[in-house]
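# Per-entry structural report
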Amino acid sequence: DEELCRALGMDAGRLAAAAGKLRSLGLLATGAQRLPPAQELPQYTSEEVVRRSDEDPAFRGVLAEAERLLGHTLSGADTRTLFGIYDYLGLPVDVIMELMHHCADEARLKYGPGRVPRMRDIEREAYVWANREIMTFEQAEEYIRSRARLHDAVEGVKRALGIGGRPLAPSERKYIESWLDLGYGPEALALAYDRTVTNIGQLKWSYMNKIVLSWHDKGLHSPEEIEKGDAPRRTASKPKTSRPANSGAGDLERMKKIYDKVRRG
């Protein structure tokens, strides 16, 4: 909980309230068990993997597709990793095929044409799918569509923030995705960006995050709600000093006295 509070910029009370809300919506399970990290796949022997691939035509099909997709013969370590995804994580063959193609698309999108994912990337994504219980082809397709929608939304925010010509850093992407999860679109985040730059002269992600979270606490999400409910403070201008009503007459009288004095002298 302490790590979450620091990462999200929340105090303990706000974190508990958020967790309670997620549980009430069925989005957070108490004591939910997740699979261990990717580096803890079982240590299969080469002999075991060879024997199973000889006996299991479905896994042989996975191996063949992986080699075709990656463009090279798999190493022993890569073969064991792929077998762990199939055997230990229990992902069905059609889901693994979809997973590998999704990773290949992500690699091309991120690094350019001709780039292929590492087996480590496929393994990491396999854990994401297993923890999300993506176990059918239909679930895999829906997840990929949701990732495509998220990608488009992130790109829209990048344009709104004037970020172009470079990929986002992982921390920048986390900020943007968290704001999208809160319901903010590019137009609203452009206002937060403008407020940030106006106040401190540069884009500082943690500062902008505080602005967005303050709007979220106030229930302000659309540009119209933000403009109405949290307009920027304007420094009050000093009232103009008004001249006395008879100042013009006084000036005229002084001018006459000076003129008479000069004429007499």
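Attention here is on the structure that accompanies the text. Along each chain, numbering runs from 1 in the same order as the chain's sequence is written. Given that this is a predicted model, residues contribute local features only at a pLDDT of at least 70 and side-chain atom pairs are listed and counted only at 80 or more, while totals for whole chains, interfaces and linings are drawn from all residues. Excluded from the side-chain calculation are hydrogens and water; included are all heavy atoms of the structure.

### A short note on the pattern of salt bridges
Defined as follows: What counts as a salt bridge is simple: a side-chain nitrogen of Lys or Arg found within 4 Å of a carboxyl oxygen of Asp or Glu. Put simply, DSSP marks the helices as runs of H or I at least four residues long and the strands as runs of E at least two long, and each gets a number from the N terminus on. A 1.4 Å probe rolled over the protein chains alone gives each residue an accessible area, and that area as a share of the maximum for its type sets the label: buried under 20%, exposed over 50%, partly exposed in between.
As enumerated under the stated definition, the model contains 13 salt bridges in all. Across the salt bridge formed by R120 and E123, the nearest N and O atoms sit 3.3 Å from each other. Residue R120 and its partner E123 are located together in helix α7 (residues 119-131), separated by 3 residues, close to a single helical turn. The partly exposed category is assigned to R120, whose relative accessible area is 33%. For D121, the salt bridge identified is with R124, shortest N-O distance 3.4 Å. Remark: R124 and D121 occur in helix α7; sequence separation between them is 3 residues, near one turn of the helix. Take D121: its relative accessible area is 25%, and that puts it in the partly exposed class. Residue R124 is classed as partly exposed on the basis of its relative accessible area of 42%.

### Observations concerning the packing of aromatic side chains
The condition is simple: Pairing of aromatic side chains here covers Phe, Tyr and the six-membered ring of Trp, requires ring centres within 6.5 Å, and sorts the geometry by plane angle: under 30 degrees stacked, over 60 edge-to-face, intermediate tilted.
Across all of its chains, the model carries 8 aromatic pairs by this definition. When the ring of F59 is compared with that of Y86, the centres are 5.4 Å apart and the planes differ by 25°; the resulting orientation is stacked. Taken together, the residues F59 in helix α4 (residues 57-70) and Y86 in helix α5 (residues 76-87) connect sequence positions 27 residues apart. Note on accessibility: F59 and Y86 belong to one class, buried.

### A word on helix α9 (residues 170-181)
Heads up, the condition is: Any helix carries an expected span of 1.5 Å times its number of residues minus one. Summarising the geometry, the arc corresponds to the directions from the helix axis toward the C-beta atoms. For this analysis, residues touch if any pair of their heavy atoms sits within 4.5 Å.
When the terminal C-alpha atoms of α9 are compared, their 16 Å separation across 12 residues agrees well with the 16 Å that a helix rising 1.5 Å per residue should span. Residues of α9 that are buried include every one of E172, I176, E177, W179 and L180, and no others. For α9, the arc enclosing every buried residue in end-on projection is 160°, short of the 170-degree limit, so these residues lie on one face. What points out from α9, more than 90 degrees from its buried face, is the exposed set P170, K174 and D181. Check the buried side of α9 and you find it contacts α8 (137-160), α10 (186-200) and α11 (205-218). Once α9 ends, the next one or two residues include G183, with phi positive near 100°.

### Points about the side chain of E125
Applicable threshold: We treat Lys and Arg as the positive residues and Asp and Glu as the negative residues; His and chain ends play no part in the count.
Looking at where E125 falls in the secondary structure, it is placed in helix α7. Although E125 is buried, it forms no salt bridge, and the closest oppositely charged side chain is R147 at an N-O distance of 5.6 Å. For E125, the contacting residues outside a window of four places in its chain are L99, H102, C103 and Y143.

### Description of the side chain of N209
Its location among the elements puts N209 in helix α11. In contact with N209, other than residues within four places in its own chain, are Y175 and W179.

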